[in-house]
Amino acid sequence: MFKRLLPLLLGGACATLQADPQPSAARLHELAAEPFWLALGHYQRDRLGGWRSHVDDGGFFLAERGERDPAAELAATLAALYRDPALADRHPQCRFPARTRWLRERLALDDLPQPQCREYTDWYADIAPHSTVLVFPAAYLNSPSSMFGHTLLRIDPPGIDSQGSPLLSYALNFGAYIEGSDNSILYAWKGLMGGYPGLFALLPYREKLAEYSRLENRDLWEYRLNLSAEETGRMVEHVWELRQIQFDYYFFDENCSYRLLELLEIARPGLELTDRFPLTAIPADTVRAVEQAGLIERSAYRPSREKELLARADPLSRPERDWTRRLAGDSTALDAAAFQALPAERRALVQDAAYRLIRYRKNGEERDDTSARDSYRLLQAINRAPPPRLAVERPVPPENGHQSRTWQLALGSREDRSFAEYGLRMAYHDLADNLDGFPLGAQIEIAQLKLRQYEGDHWQLQRLDVANIRSLTPRSTLLSPLSWQVGGGLERVVGKGRHDDEQLVGHLNGGVGATWHLADDLLGFALATARLERNGDFAAFLSPAAGFDASLLWRNRLGNLGLEARADYFHNGEVRRELSLVQQWEIAGNLGLRLAARREFSQQGAPASELSLQLRWYHY
């Protein structure tokens, strides 16, 4: 009798071991409200009440309304953990290792089935997560996706500091998934409006390093974080859960930097980094938030190929730079008598600069026989006469620059009328702003509003910029980059009649030209410009204009000074010219005082002069 009952008893025991647990509803709701569970589901409070997940992919959720109901998703996950272990890699425990570990710990689930998760365990073992580095590729204005910089995480295996190379690590990146080849304008528009899905990707760090420091010539900042091996592993567990899972992607808020902050909150629960960015998440601001949270242990700087080339060429004379260009074009000039007549130490510098120039020119291009031959010959010469070790000056770290949002308060006069002006710029930096942490000659202004109050309590919209971007990269004997600018929005111009009759116009403008280093800390640029304007004083609905924009930009002891002259020549005969002078005093890291003067000329009205003193507070 006992032998007959034994199989039934064992079967009942096994069924009990794999039965769904039944914690109370109150306990489930308590767990579902814990910050770590909300972080695992990427939940945030909805503006209309309740919860909403940032994840825009039904494959991430086990409950029917999991994207809006953390408690339902928790209950569905708990039940799914007890499914048949024969599902192996398709078992929910294998799909959601971070959820599984947390629920096992919080509910003491000692009776879970044990599926074989070979795919996950092999993947995790290959990455071998032990420590984390936050990587910040600096801003690169010639790429719309890189104008504000970018952040990614480097996942290091054990022993990386003592005996390993970071090139063996993995890069954890979040970015827009783009099918096809959208042009820059379409890319920017779709990125602003959430037209691309966002995906996490884990790939060898050497591939990402090559992409940023070589293909885009971007400096890299690496910040070693003080996350433990357990915290790093917890974060990587969750990354497995996010494979091929889509998020909405927006340039200014739900972007690469914001998503990585979410991962850091999973690595170390309680950080609440994302709470600091309800509107925008500019990469430099997120790096600053990580620093303020006490996560950064130390930092390292990796200059781009362009910076290394310029540093090597800096001590060369003009004739030596001419030799550099000649050798980069034809390495047989190494044997020229005139080149061999140079002192050995100078030849070593020229040879190294020429080799770096070839590498710079061939970024992103297929290797050809001629450049390969020249590179090989130059390397042989460098090996015979090695140059001194290259030292690139370490710039001010980007997290030490001013914050991205700017509040403005100005007092001034326009001819005989006094005014107060109130402004807000959502992002990011203009040519005269406090310079630490930013390159001289770079400007990115997004969403700027200025309201002006004249005497007699007369208020008017002075300007509304959608975007105003300038990239002023100096030319040299070795490099000849183009400088450019583009902008659009609403602004006041001289109207018909008196100087105080300002007309609000809509405009779109751009320009291209060149920038030169005239002296230390002095840039000069000249651009040919084009403008399209909607002006109520003009007969045409849209009026085109051609013109110029020329300026001097001087970095002095007080701050930045700009002297600018520009003109627009419209198709209807209107000519509009302007002279302006701006001097910024850098009072503190996030505080500046700006004196601005300008003189406007127009065939439609009398000339007008304007003078203002503006306080600028950089505060996110």
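See the structure above.
Residues numbered from 1 in each chain as written. Predicted model: local features only at pLDDT ≥ 70, side-chain atom pairs only at ≥ 80, totals over all residues. Heavy atoms only, no water.

Trainee: Is there a simple way to think about the environment of Pro157 in this case?
Mentor: Structurally, the position occupied by Pro157 is in the loop between strand E4 (152-156) and strand E5 (170-176). Ignoring any residue separated from it by four or fewer positions in sequence, one finds Pro157 in contact with Ile127, Ala128, His130 and Ser169. (Helix = DSSP H or I, 4+ residues; strand = E, 2+ residues; numbered from the N terminus. Contact = heavy atoms within 4.5 Å.)

Trainee: What exactly am I supposed to notice about the environment of Cys256 here?
Mentor: Note on placement: Cys256 falls in helix H11 (residues 256-267). Since its relative accessible area comes to 4%, Cys256 is described here as buried. In this structure the C-alpha to C-alpha distance between Cys256 and Leu28, which are 228 residues apart in sequence, comes to 32 Å. Not counting residues within four places of it along the chain, the set of residues in contact with Cys256 comprises His150, Thr151, Phe174 and Tyr249. (Buried < 20%, exposed > 50% of the residue type's maximum accessible area, 1.4 Å probe, protein only.)

Trainee: Help me understand helix H17 (residues 369-384), please; the structure alone is not making it clear to me.
Mentor: The periodicity of an α-helix, 3.6 residues per turn, causes residues three or four positions apart to be oriented the same way. Over its 16 residues, H17 extends 23 Å from the first C-alpha to the last, a length consistent with the 22 Å expected when each residue adds 1.5 Å. The complete set of buried residues in H17 reads Ser371, Asp374, Ser375, Leu378, Ala381 and Ile382. Along the axis of H17, the buried residues cluster in a sector spanning 125°; they form a single face. Exposed residues pointing more than 90 degrees away from the buried face of H17 are listed as Asp369, Tyr376, Asn383 and Arg384. With a side-chain oxygen lying 3.1 Å from the backbone nitrogen of Thr370, the N-terminal cap of H17 falls on Asp368. (Expected span 1.5 Å × (residues − 1). Arc of directions from axis to C-beta. Polar contact = N/O pair within 3.5 Å; in protein donor to acceptor, adjacent residues only side chain to side chain.)

Trainee: For this particular structure, what's the right way to read the pattern of salt bridges?
Mentor: Pairing between side chains of opposite charge can happen when the charged atoms of each approach one another. Applying the stated criterion across every chain, the model contains 49 salt bridges. Measuring nitrogen to oxygen at the nearest pair gives 2.7 Å for the salt bridge that ties Arg452 to Glu421. With Arg452 in strand E12 (residues 442-454) and Glu421 in strand E11 (residues 417-429), this residue pair connects regions lying 31 residues apart in the sequence. Residue Glu421 is classed as buried on the basis of its relative accessible area, which comes to 8%. Among the salt bridges present, the one from Arg531 reaches Glu491, with a minimum N-O distance of 2.7 Å. Pair noted here: Arg531 is in strand E17 (residues 522-534) and Glu491 is in strand E15 (residues 483-494), with a separation of 40 residues, a long-range link. With respect to burial, Arg531 and Glu491 carry one shared label: buried. (Salt bridge = Lys/Arg side-chain N within 4 Å of Asp/Glu carboxyl O.)

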